[in-house]
Amino acid sequence: MRKYYIHGIVFASLLTSCGSGDAAKAQRDSAENLQAEITNAMQAEKYAEAVAMIDSFSTTFPLQVDIRRALIPTRAKAVEGITLQNIPALDKQIADFQANIAALEGEFTSVKTASSLPPYLVYKGCTGTVDGVARIQARVNTGDDAEFSPWVLAVGTGRNIGVNRLQVSTKQGAAYTIDVPQSDYAQASVPMENISPLAKQLYENDDEIASVTAYGTNGNATIKVTPAESRGIASAWKLCTDRDSLRSTLIAREKAERLLQMARDKAVN
């Protein structure tokens, strides 16, 4: 906005030294100069600058109704230009997310449950139950509610200790206290939001879990974690994060199409 108000400033200063006729002409000249700058910006495909100048025009030159009306389709064309410039970037993001998701899904295998619940995904090499054993297992939801509950960490403590928290340390020295919903069994399920800080550390820093201790109302249990189980947590977080980002980008792409059509309709009308 550095120069879009200069015309108004010049006009205001001229008001103090000119008569009403001279002031009106000065305003008109200044308004036409800004209109010319808008035209230049459009020709240079600097659509965001053009929109900013058009938006400033109404407040700077409220009496120049004819030019303001003439700029309405110009603004629509500028919005169309901005949208057309943004769409290729959105398409690339979508393609990148889809490729990443496909690669990550290849690291997982589907596990059917004994109940009527949909199968879940676990990292290859980490299949098996957590019942009766002390282990952890990242599970990616494949059900209809996956958007709202993408993944969980299944925790087995070997015996019922009434587990309510995990104390986790990594090989790079990070430490986490993870709340676990109170369980009356020898296993529990930790929601995504509780485990995500650890998972993000593992993925983004190529870190690995060094130790896990489960604490509960009836004692504690040491859980040995394999490198594959550690990678499974990191990959589950990345897979679900990319899925969420893909959904958001697809929504943005859809909005861009609607905005593009609205701009084109306004430019015609």
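Calculation notes
Residues numbered from 1 in each chain as written. Predicted model: local features only at pLDDT ≥ 70, side-chain atom pairs only at ≥ 80, totals over all residues. Heavy atoms only, no water. Pairing = 2+ DSSP bridges. Helix = DSSP H or I, 4+ residues; strand = E, 2+ residues; numbered from the N terminus. Buried < 20%, exposed > 50% of the residue type's maximum accessible area, 1.4 Å probe, protein only. Lys, Arg positive; Asp, Glu negative; His and termini not counted. Salt bridge = Lys/Arg side-chain N within 4 Å of Asp/Glu carboxyl O. Polar contact = N/O pair within 3.5 Å; in protein donor to acceptor, adjacent residues only side chain to side chain. Contact = heavy atoms within 4.5 Å. Axes fitted to C-alpha atoms, helices over the stretch in contact; angles between N-to-C directions. 1 Å grid on protein atoms, 1.4 Å probe; cavity = no way out; pocket = protein on both sides within 12 Å on 5 of 7 lines; lining within 4 Å. Points joined across faces, edges and corners; volume = space filled by probe spheres on them. Nonpolar A, V, L, I, M, F, W, Y, C, P; charged D, E, K, R; others polar. Parallel < 35°, antiparallel > 145°, perpendicular 65-115°, else oblique. pLDDT = per-residue confidence, 0-100.

Caption draft 1: Representation of the pairing of strand β9 (residues 219–223) in the model. Looking at chain direction, strand β8 (residues 209–216) and β9 are connected through five bridges and run antiparallel. Its bridge partner being in β9, Thr213 is matched across the sheet by Thr222. Hairpin connection from β8 to β9: two residues lie between these consecutive antiparallel strands.

Caption draft 2: Representation of the side chain of Arg139 in the model. Along the chain, the position of Arg139 falls in strand β3 (residues 134–141). One buried charge, Arg139, has no salt-bridge partner; the nearest side chain with opposite charge is Asp131, at 6.3 Å. Here Gln137 takes part through its side chain, which lies 2.6 Å from a polar atom of the side chain of Arg139. If we skip the residues at most four places from it in the chain, Arg139 touches Tyr120, Leu121, Val122, Val130, Pro150, Trp151, Val152 and Ala154.

Caption draft 3: Broad picture of the sheet that holds β9. Sheet architecture is open: four strands sit in the order β6-β5-β8-β9, paired in antiparallel fashion. On the outer flanks of this sheet lie β6 (175–179) and β9, each paired with one strand and no other. In this sheet, neighbouring strand axes are inclined to one another by 20° on average, regardless of whether the strands run parallel or antiparallel. Where strand β5 (residues 163–170) and β8 come together, seven bridges link them in antiparallel fashion. Considered in β8, the bridge of Gln167 is made with Thr213. Across the sheet, helix α5 (residues 192–204) is in contact with β5, β6 and β8; its angle to β6 comes to roughly 155°.

Caption draft 4: Structural detail: empty space enclosed by the protein. Tallied over the full model, the rule gives one cavity of 30 Å³ or more. Estimates place the volume of the largest cavity at around 30 Å³. Lining the largest cavity are Tyr123, Cys126, Gln137, Ala138, Glu229, Gly232 and Ile233. For the lining of the largest cavity, the secondary-structure elements that each account for two or more residues are β3 and α6 (227–268). At three residues, the largest contribution of residues to the lining of the largest cavity is made by α6. Among the residues forming the lining of the largest cavity, the class breakdown is four nonpolar, two polar and one charged.

Caption draft 5: Spotlight on the packing of α5 against α6. At a minimum axis separation of 8 Å, α5 and α6 run at an interaxial angle of 100°. Considering their axes alone, α5 and α6 lie roughly perpendicular with respect to each other. Where α5 approaches α6, its residues Ser196, Ala199, Lys200, Leu202, Tyr203 and Glu204 are matched on the opposing element by Ser230, Ile233, Ala234, Trp237 and Lys238. Residues that form the contact of α5 with α6 fall into these classes: six nonpolar, two polar and three charged.

Caption draft 6: Molecular detail of the confidence of the model for the chain. For the chain, the average pLDDT comes to 89, and 91% of its residues sit at 70 or higher. Of all the helices and strands in the chain, helix α1 (residues 6–15) carries the lowest mean pLDDT, 50, while β6 carries the highest, 97.

Caption draft 7: The sheet that holds β3, seen in detail. Pairing within the open sheet is antiparallel, and its five strands lie in the order β1-β2-β3-β4-β7. Both edges of this open sheet fall to β1 (108–111) and β7 (187–191), since each of them pairs with a single strand only. Across this sheet, the average inter-strand angle for adjacent strands is 35°, counted without regard to direction. As paired elements, β3 and strand β4 (residues 151–157) share seven bridges and run antiparallel to each other. What sits directly across from Val140, in β4, is Trp151.

Caption draft 8: Focus on the pattern of salt bridges. Going through the model one piece at a time under the given rule, you end up with 15 salt bridges. The salt bridge partner of Glu32 is Arg28, with a shortest N-O separation of 3.1 Å. With Glu32 and Arg28 both in helix α2 (residues 20–43) and four residues apart, the pair spans about one turn of that helix. Given the relative accessible area of 37%, Glu32 is considered partly exposed. Among the salt bridges present, the one from Arg28 reaches Asp66, with a minimum N-O distance of 2.8 Å. Linking Arg28 in helix α2 with Asp66 in helix α4 (residues 65–105), this pair joins segments that are 38 residues apart in sequence. One continuous salt-bridge network, built from bridges that share partners, spans Arg28, Glu32 and Asp66.

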